[in-house]
Amino acid sequence: MKRLVMINSDGKSAPVSGDPGGVTTELVDLRRRVFARTPARRILTDLLTLDAAESALAAGADGIYVDSFADYGVTAIRGITDRPVIGAGEAALAEAVGLGTFAVVTVWPASLGFIYDERLAAVPGAADACLDVHHYSPEDELDLVGTGTSVRARMVRHEVDLVADLIRTCREVREQTGAEGIVLGCTCMAPVADEIAAGCDFPVLDPARIGLAAARAAVLSSSPPADGDGAQAHVRDPLIASAVDAWLEHTPEETGDDCVVCAIPSPSN
């Protein structure tokens, strides 16, 4: 049985789908969750994700899945292992390129556009195929992160008015752009992804499901390390954990940005 470690960027309580045969998915949380509301804070999130992945690899993980559209730390993680490393954003965008054209609808405000610019530039063909990135929320949504009134908390509750408005938004963006499909721009949209897709007559791609499926497939198809020698599979760098240790030691426990996002129950199948 192979073990896929899902870096739990969104604070999910379970993966969004059950494991296929041959692989088990284990959620691993960051030692502290920091909301990457600026490029500078994104660096911290990248480091915390790298730290979590490094520990998982040292414990024998057969692959890493970063459950975030931002694909935090994936390039750095690939630099310390030859085991599969998959990000939700890159997996969803790669599938979207196959549609021909697409648009992204995200619940985040325009100030987080740097994340989408970066991901679109990183995935071959994505920048040319993407016709628009639509930011659903106003800037003051960032002040609600981690509260019960945030758009993410409302999605977890499946609020009918919000779901209807997200469906309307996806349909309007598609009509305005002529895109072949819509990519949901955050793995935190997973709780309502099926409802949005059911309300649209065109493809709606959920990065949480697509990324997880891609990671499981990559782990299942990967070759194991040579017998008795795992060195080529994971190169441990003690500076990673040391840097996080030092930051945590000198940073207050409550930063105001910790955000438990998607309390998604375990799948029934």
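Provided above is the structure to which this section pertains.
Just so you know, these numbers come straight off a predicted model, no measurement behind them.

Cut-offs and rules
- Per-chain numbering applies: the sequence of each chain, read as written, is numbered from 1 onward.
- The predicted nature of this model means local features are confined to residues of pLDDT at least 70 and side-chain atom pairs, given and counted, to a pLDDT of 80 or more, with totals for whole chains, interfaces and linings taken over all residues.
- Values shown for side chains rest on all heavy atoms present in the structure; no hydrogens or waters enter the calculation.
- Helix numbers and strand numbers start at the N terminus; a helix is a DSSP run of H or I with at least 4 residues, a strand a run of E with at least 2.
- For the exposure calls, accessible area comes from a 1.4 Å probe over protein chains only, and a residue counts as buried if that area is under 20% of its type's maximum, exposed if over 50%, partly exposed in between.
- We call two residues in contact when some of their heavy atoms are within 4.5 Å.
- Only the protein chains shown count as covering a residue, and every accessible area follows the Shrake-Rupley method with a 1.4 Å probe.
- For two strands to be treated as a pair, DSSP must find at least two bridges joining them.
- Axis definition: a line fitted to C-alpha atoms, limited for helices to the stretch in contact. Angles are taken between N-to-C directions and run from 0 to 180 degrees.
- In a helix, the anticipated span is given by 1.5 Å times the number of residues less one.
- Arc, as used here, means the arc of the directions from the helix axis to the C-beta atoms.
- Stacked, tilted and edge-to-face are the three classes applied to pairs of Phe, Tyr and Trp rings, where Trp contributes its six-membered ring and a pair requires centres within 6.5 Å; stacked means planes under 30 degrees apart, edge-to-face means over 60, and tilted covers the rest.

Q: Would you mind going over the overall build of the chain with me for this structure?
A: The number of helices and strands found in the chain is 10 helices and 8 strands. Looking at the chain as a whole, 51% of its 269 residues are labelled buried. At a minimum sequence separation of 6, the contacts of the chain that also span at least 24 residues come to 71%. Looking at the chain as shown, the accessible area adds up to about 11,500 Å², and 54% of this sits on carbon and sulfur atoms.

Q: What should I look at first to understand the sheet that holds strand β4 (residues 85–87) in this one?
A: Sheet strands associate in pairs through backbone hydrogen bonding, adopting either a parallel or an antiparallel arrangement. Strand order in the open sheet formed by 4 strands is β2-β1-β3-β4, and the pairing between neighbours is parallel. With partners counted over all chains shown, the strands left at the sheet margins are β2 (23–28) and β4, one partner each. Sheet twist, expressed as the average angle between the axes of neighbouring strands with direction ignored, equals 25 degrees. Strand direction decides the pairing type here: strand β3 (residues 63–66) and β4, joined by 3 bridges, are parallel. Within the sheet, the bridge partner assigned to Ile-64 lies in β4 and is Val-85. Sheet contacts for helix α3 (residues 88–97): β3 and β4; angle to β4, the most-contacted strand, approximately 70 degrees.

Q: Is there a simple way to explain helix α7 (residues 160–177) in this structure?
A: For α7, which comprises 18 residues, the first-to-last C-alpha distance of 26 Å matches the rise-based estimate of 26 Å (1.5 Å per residue) to within 8%. Buried within α7 we find Leu-162, Val-163, Leu-166, Ile-167, Thr-169, Cys-170 and Val-173. Buried residues of α7, viewed axially, fall in a sector of 160 degrees; they line one side. Residues Val-160, Asp-161, Glu-175 and Gln-176 are exposed on α7 and point more than 90 degrees away from its buried face. Next to the buried residues of α7 lie β5 (102–106), β6 (130–135), α6 (151–156), β7 (181–184) and α8 (190–198).

Q: Could you clarify how one ought to interpret the packing of aromatic side chains in this entry?
A: Here the distance between the centres and the angle between the planes together describe a pair of aromatic rings. Applying the stated criterion across every chain, the model contains 2 aromatic pairs. Look at Phe-35 and Trp-108: their rings are 4.9 Å apart centre to centre, the planes differ by 40 degrees, and that puts the pair in the tilted class. On the criterion of sequence distance, the pair formed by Phe-35 in the loop between β2 and α1 (39–58) and Trp-108 in the loop between β5 and α4 (113–122) is long-range, its members being 73 residues apart. The class of Trp-108 is buried, set by a relative accessible area of 4%. Centroid distance Phe-69 to Tyr-116: 5.3 Å. Interplanar angle 40 degrees. Geometry classified as tilted. In this pair, Phe-69 sits in the loop between β3 and α2 (74–78) while Tyr-116 sits in helix α4, placing the two residues 47 residues apart along the sequence. Like Tyr-116, Phe-69 is buried.

Q: Is there a simple way to explain the pairing of β3 in this structure?
A: For a regular strand, side chains alternate in direction, first toward one face of the sheet and then toward the other. Judged by which residues are buried, β3 turns out to be covered on both faces: Gly-63 and Tyr-65 on one side and Ile-64 and Val-66 on the other are all buried. In this sheet, β3 lies alongside strand β1 (residues 2–7) in parallel orientation, the contact comprising 4 bridges. Each residue of the ladder has a partner; that of Leu-4, found in β3, is Gly-63.

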